[in-house]
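Survey of secondary and tertiary structure
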Amino acid sequence: MSESVSEAPEARVPHLLQSPGPIAPVAGAPVGLAAGGATGGRGGGDFLYYGLRNKKLVFGLSLELLLVLFAIIGPMIAKFSPQDFTGAQLQHPDGTYWLGTDYLGHDIFSELTNGLRESYLVGALGAVSASVVGMALGFTAGWRGGILDEVLQMITNIIVMIPALVLLVVIGSYLNSRSVLFEGVFIGLTTWPWVARAVRAQTFTLRSREFVELAKLSGKRPLEIIVRDIAPNMASYLFLVVILLFGSSMLLAASYDFLGLGPTDVVSLGSMMNQAQNDAALLYHDWWWFIPPGAVLTAMVWALLIANVGLDEVFNPKLRQQ
């Protein structure tokens, strides 16, 4: 299950992955928005100009911002703690229990807001972990090539072949408890291969460009060339990669939590749905128990994907003209 989710983001950035590569500027010239993106004299002004006029980007970011504010403010205005037993079991939503209560008397609104915050935290940890590992290995393999590239490719293929769900079950059996940090880092360390492959391919294309050759002649070190010359020309693609990793990490975390493999003693959207399923909330039509976490999780990832499509259109001049 985890492989299908982790591999999916690569298919959602076709315009950047299938492009022949960015038009590289001469060394020292200002870089525009990035590979395949809008370039021009206004630089960052182009992004604001086209970004504010892209309805998909504005809608996606606005919805995501509302959810972030809900995650921040929600726990502050909640009347109960997620672990509180209110004494009112399976209470319908009313003035006291805004989203009702579950079988044990926990306040659904409080659980939802705290679960939303936990999902964002795991998503950020997973995206950062996968981005750091994938980009580091991808840039290294693409720049050096040769035996080192073959070794890194072999490691990447091995990680792809290992079923992450089975690995999580094995590791979890040796742990007394699992934390949010563990889940986020685990997701990141099992979803980086597609990032490494894509970054490697782009680096292979860019390293033979004229501006890179000029940077070599100027005496720059390889790390400096990658950071200052190659990476900026891939900035838009790398930005989209982080967004997709963020969304896929939240989905993976919810999947693990729903299966009971998530953090212990922590309320999450996945654990809420797991508890609702175990107590037959769907069978007894306790809709206020399972619909809110599912709807919020869907909205979180949906908003990110819509924003990602909008960003792709902003960065790619060909898509803007369609």
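Before reading further, recall that the structure is shown in the block above.
Rules used in this analysis
- Residues numbered from 1 in each chain as written.
- Predicted model: local features only at pLDDT ≥ 70, side-chain atom pairs only at ≥ 80, totals over all residues.
- Heavy atoms only, no water.
- Patch = residues over 30% accessible without salt bridge, like charges linked within 9 Å, V, L, I, M, F, W, Y side chains within 5 Å.
- Areas by Shrake-Rupley, 256 points an atom, 1.4 Å probe, with all protein chains shown as cover.
- Salt bridge = Lys/Arg side-chain N within 4 Å of Asp/Glu carboxyl O.
- Helix = DSSP H or I, 4+ residues; strand = E, 2+ residues; numbered from the N terminus.
- Buried < 20%, exposed > 50% of the residue type's maximum accessible area, 1.4 Å probe, protein only.
- Contact = heavy atoms within 4.5 Å.
- Expected span 1.5 Å × (residues − 1).
- Phe/Tyr/Trp six-rings, centres within 6.5 Å; stacked < 30°, edge-to-face > 60°.
- Core = buried A, V, L, I, M, F, W, Y, C linked by side-chain atoms within 4.5 Å.

On to a nonpolar patch on the surface. Together, Leu65, Leu66, Leu69, Ile72, Ile73, Met76, Ile77 and Trp98 make up an exposed nonpolar region whose accessible area comes to about 780 Å². Here leucine 66 shows up in helix 4 (residues 55–77). Judged by its relative accessible area of 56%, leucine 66 is exposed.

What follows is about unusual backbone geometry. Here the phi dihedral of leucine 90 falls at roughly 50°; this positive angle occurs in a residue that is not glycine. Along the chain, leucine 90 turns up in the loop between helix 4 and helix 5 (108–144). We classify leucine 90 as partly exposed; its relative accessible area is 29%. Here histidine 285, not a glycine, exhibits a phi torsion of approximately 60°, which is positive. For histidine 285, the position within the fold is in the loop between helix 13 (269–278) and helix 14 (287–315).

Structurally, alanine 254 can be placed in helix 12 (residues 235–258). Considering only alpha carbons, one finds alanine 254 and serine 271, 17 residues apart in sequence, at a separation of 7.5 Å. Sequence-distant contacts of alanine 254, that is, excluding residues within four places in its chain, are made with Gly270 and Leu297.

Close approach of charged atoms allows side chains of opposite charge to pair. Counted according to the given criterion, the structure contains five salt bridges. Between glutamate 313 and lysine 56 there is a salt bridge, with its nearest N and O atoms 2.9 Å apart. With glutamate 313 in helix 14 and lysine 56 in helix 4, this pair connects stretches of sequence that are 257 residues apart. Owing to a relative accessible area of 18%, glutamate 313 belongs among the buried residues under this scheme. Among the ionic pairs, glutamate 213 bridges to lysine 216, the shortest N-O distance being 3.8 Å. Here glutamate 213 pairs with lysine 216, and both are found in helix 10 (residues 210–217), just three residues apart, close to one helical turn. Judged by relative accessible area, lysine 216 falls into the partly exposed class, the value being 38%.

Our focus in this paragraph is helix 9 (residues 193–206). Owing to its 3.6 residues per turn, the α-helix aligns residues three or four sequence positions apart on the same side. The terminal C-alpha atoms of helix 9 lie 20 Å apart, and with 14 residues this matches the ideal 20 Å at 1.5 Å per residue to within 8%. Buried residues of helix 9: Pro193, Trp194, Val195, Ala196, Ala198, Val199, Gln202, Thr203 and Leu206, and no others.

Relative to the helices and strands, leucine 67 resides in helix 4. Aside from chain neighbours lying at most four places away, what touches leucine 67 is Leu116, Tyr120, Ala299 and Met300.

What follows concerns the packing of aromatic side chains. In the structure shown here, the tally under the stated rule is nine aromatic pairs. Aromatic side chains phenylalanine 80 and tyrosine 97 sit 5.5 Å apart centroid to centroid with 20° between the ring planes, which places their arrangement in the stacked category. Of this pair, phenylalanine 80 sits in the loop between helix 4 and helix 5 while tyrosine 97 sits in the loop between helix 4 and helix 5, placing them 17 residues apart in sequence. Note on tyrosine 97: relative accessible area 12%, which makes it buried.

Now for the nonpolar core. Counting 53 residues, the largest nonpolar core has Tyr120, Phe139, Ile230 and Met300 as the members making the most contacts within it. Counting only elements with at least two residues in this core, the list comes to helix 4, helix 5, helix 9, helix 10, helix 11 (222–230), helix 12, helix 13 and helix 14. Excluding anything up to four places from it in sequence, methionine 300 contacts Glu64, Leu67, Leu116, Ser119, Tyr120, Met250 and Leu269. By size, the runner-up hydrophobic cluster in this structure holds ten residues, among which are Leu168, Val180, Ala253 and Leu261.

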